[in-house]
Amino acid sequence: MIKRPVIRRPAPILALCAALLLAVTACSGDRRSNESEPSAAGQADWQPCPELLDELLGDIVPASVIDELTEDVRYDCATIQVPLDWDRPEAPETLDLAMVRARSVEQADRIGSLLVNPGGPGASGVETAVYLSLNRVFEGLPEDVLSRFDVVGFDPRGVARSSPVECFTDADIDQLYGAEPDPVEPAEFNQLVARTQQQAETCAAKYGGTLGVFSTRQTAHDLEALREAVGDERLTYLGYSYGTLLGAVYAQLYPERIRAMVLDGAVDPAQDLVTGVEQQAAGFERALDNFAAWCAATPDECPLRPDARTAIEAALADARRSPVPGDDGRAATAGWVFTAVLAALYSQDTWQPLAAALDQLAGGDPSGVFELADFYAERSPDGSYTNLYDANLAINCADDGERVSVGRVRELQERLRRTYPLFGGPLATSALNCAVWSAPADPYPTGPATGAPPILVVGTLGDPATPYEATGRLADQLGTGVVLTWEGEGHTAYPATRCIRAAVNAYLIDLTVPPAGTTCPP
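Residues numbered from 1 in each chain as written. Predicted model: local features only at pLDDT ≥ 70, side-chain atom pairs only at ≥ 80, totals over all residues. Heavy atoms only, no water.

## Some details on the overall build of the protein
Inference 1: A tally of helices and strands in the protein yields 20 helices and 12 strands.
Inference 2: The C-alpha atoms of the protein give a radius of gyration of 22 Å, which matches the 24 Å a tight globule of 522 residues would have.
Inference 3: For the protein, the spread of C-alpha atoms along the principal axes amounts to about 60 × 50 × 45 Å.
Inference 4: Each of the 522 residues in the protein was classed as buried or not, and the buried ones make up 59%.
Inference 5: For the protein, the accessible surface area stands at approximately 19,100 Å², while carbon and sulfur atoms represent 49% of it. (Helix = DSSP H or I, 4+ residues; strand = E, 2+ residues; numbered from the N terminus. Rg over C-alpha atoms; globule rule 2.2 N^0.38 Å. Buried < 20%, exposed > 50% of the residue type's maximum accessible area, 1.4 Å probe, protein only. Areas by Shrake-Rupley, 256 points an atom, 1.4 Å probe, with all protein chains shown as cover.)

Structure representation (structure tokens):
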């Protein structure tokens, strides 16, 4: 089951994932304002780290290809230290922030650094920057951008290489993903509450009150320290999904420090948790309808019968009755099947792998389901996980200043299940995570970015994870936001199509703002 809010991951990384999967197969509450400024963390001490490509691609890309890639782009890494708590910057406790700089060997007329965040919260910006720099092999950033900017990725506090939050064992997370996604009976729901309470207590026992410092508000101050560390007078930033929330908070705290900011896949900072869950349930149901329509129109690519929605419902029902065992000892329970469906709806590139996986599952082979689900959960073939789950939980609950009760979650689950039959119940129960979280909250501020330059807010009409409706709301809240719309499918838009690429490139490079209301066709 979803034991946390849905991971938000940008389309370029999903497109990369789809290519790699096929390759493997084939071969808001009380808000703060008037923040005090943090002190500088100092300049980054960059050191060459070409081994990152081996680490990220070594299992799936030949060494000769990796050697060629390092001839195109140079990679340097650095770590800076920031205060554990920006409210007490003079205190001795610090956190490490890991960074990577990807610099094209063809770079000319350098503008500065483009800092990128892939969302999550909990996804690695270090890894994302590497992937986005590989446009000769995968769908990375356009050459126009790579030739003018250093692409700088960072792992936010608590994530991956940056003082990671680590609360759960691999077995714990296997159990959480494999559990029933939408418990109907009171006894089942109460068991879910008990398990969720136990995981909250496990994290609190290890970290105590310091869990509150893994908040978006604190990370926005880190982003200012990172701007100083790369030596840029003003920030140029590309944030996907949750990264739009981080960018919006930075824009309110440091509006005059912004050169350019692209927020792709908008999160509405002002919406409450219940509204956010309901809108996301609507977004995924819409994406499922679009997937089903694609299946009906392309039966040669989608073997699901009699129709895709019915086939998914049947797969979940079969998994509840008699889950198919996999080669690694796991069984393809309803939780794993649901996670695979959810993961695949993030991008149209993974629609065909989803159809194939469900067809294989019906024939007794769950390997495709596990490939999709494991990518989403960042589970390695050896059964180990990154700390994505742990960090996602800690960051979301640190941000949550208006925690709903367990009773209200139950009411929300039952109500949303009636309206959104596949996604409403599971997404509602994800709200239990913060309902029972015992660590203190540190809500982020909301409001206009007074004094900021125009900020480009990109929205996709068919985005399931960050529904398009939030795009205009975020732009309006910022006050300087300009909406750019893609009439396409999937989570986030840049650099998916020529029209989106041209508009965003012109903004990043020349600060040319597209006319308000610009829409790009699919």
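## A word on the environment of Asp144
Inference 1: Relative to the helices and strands, Asp144 resides in helix α5 (residues 143–146).
Inference 2: Separated by 361 residues in the primary sequence, Asp144 and Asn505 place their C-alpha atoms 7.2 Å from one another.
Inference 3: Sequence-distant contacts of Asp144, that is, excluding residues within four places in its chain, are made with Asn505 and Ile509. (Contact = heavy atoms within 4.5 Å.)

## Focus: the sheet that holds strand β6 (residues 235–240)
Inference 1: The 10 strands are arranged β1-β2-β3-β5-β4-β6-β7-β10-β11-β12 in an open sheet whose pairing can be described as mixed. If you trace the sheet from one side to the other, it starts and ends with β1 (47–48) and β12 (518–520), each paired once.
Inference 2: Bridging between strand β10 (residues 455–462) and strand β11 (residues 481–489) involves 7 bridges; their strand directions are parallel. Residue pairing for β11: Ile455 is matched across the bridge by Gly481.
Inference 3: Sitting on the sheet, helix α3 (residues 63–72) is in contact with β2 (73–83) and β3 (94–104), with an inclination near 75° to β2. (Pairing = 2+ DSSP bridges. Axes fitted to C-alpha atoms, helices over the stretch in contact; angles between N-to-C directions.)

## As for the layout of surface pockets
Inference 1: Roughly 260 Å³ of volume is contained in the second largest pocket.
Inference 2: Among the secondary structure elements, those contributing two or more residues to the lining of the second largest pocket are α11 (308–321) and α13 (351–362).
Inference 3: When residues in the lining of the second largest pocket are grouped by element, the largest group, 5 residues, is from α11.
Inference 4: By residue class, the composition of the lining of the second largest pocket is 11 nonpolar, 1 polar and 3 charged. (1 Å grid on protein atoms, 1.4 Å probe; cavity = no way out; pocket = protein on both sides within 12 Å on 5 of 7 lines; lining within 4 Å. Points joined across faces, edges and corners; volume = space filled by probe spheres on them. Nonpolar A, V, L, I, M, F, W, Y, C, P; charged D, E, K, R; others polar.)

## Re empty space enclosed by the protein
Inference 1: Of the voids in this model, the second largest cavity is the one considered here, and its volume is about 60 Å³.
Inference 2: Taken together, Ala248, Val249, Gln252, Pro269, Pro445, Thr446, Gly447, Leu474, Gln477 and Leu478 form the lining of the second largest cavity.
Inference 3: Secondary-structure elements contributing two or more residues to the lining of the second largest cavity are α9 (242–253) and α19 (469–478).
Inference 4: When its residues are assigned to classes, the lining of the second largest cavity shows 6 nonpolar, 4 polar and no charged.

## Some remarks on the pairing of β3
Inference 1: Among the 11 residues of β3, 8 are classified as buried, and the element is accordingly described as predominantly covered.
Inference 2: For β2 and β3, the ladder comprises 11 bridges, and the chain directions are antiparallel. Residue pairing for β3: Val82 is matched across the bridge by Leu95.

## A short note on the confidence of the model for the protein
Low pLDDT means the predicted coordinates in that region are not meant to be read closely.
Inference 1: Residues with a pLDDT of 70 or more make up 92% of the protein, whose mean pLDDT is 91.
Inference 2: Every residue in residues 1–40 is under pLDDT 50, and counting partners more than four places away or in other chains gives 140 contacts. (pLDDT = per-residue confidence, 0-100.)

## Focus: unusual backbone geometry
Inference 1: Note the cis peptide between Arg305 and Pro306, where omega equals -5°.
Inference 2: For Pro306, the position within the fold is in the loop between α10 (273–297) and α11.
Inference 3: Residues Tyr494 and Pro495 are joined by a peptide bond in cis, for which omega reads 0°.
Inference 4: Mapping Pro495 onto the fold places it in the loop between β11 and α20 (498–510).
Inference 5: Of note in this structure, Ser163 is not a glycine but carries a positive phi near 45°.
Inference 6: As for its placement among the helices and strands, Ser163 is situated in the loop between β5 (149–154) and α6 (170–178).
Inference 7: Judged by its relative accessible area of 23%, Ser163 falls in the partly exposed class.
Inference 8: A positive phi angle is found at Thr492, which is not glycine, with a value near 80°.
Inference 9: Among the structural elements, Thr492 can be located in the loop between β11 and α20.

## Considering the pattern of salt bridges
Inference 1: Applying the stated criterion across every chain yields a total of 26 salt bridges.
Inference 2: Arg257 is paired through a salt bridge with Glu224; the nearest N and O atoms lie 2.3 Å apart. Here Arg257, found in the loop between α9 and β7 (258–264), pairs with Glu224, found in helix α8 (residues 216–230); they are 33 residues apart in sequence, far enough to count as distant.
Inference 3: Residue classification places Glu224 among the buried positions, given a relative accessible area of 2%.
Inference 4: One salt-bridge network, held together by shared partners, links Asp174, Asp328, Arg330, Asp374 and Arg379. (Salt bridge = Lys/Arg side-chain N within 4 Å of Asp/Glu carboxyl O.)

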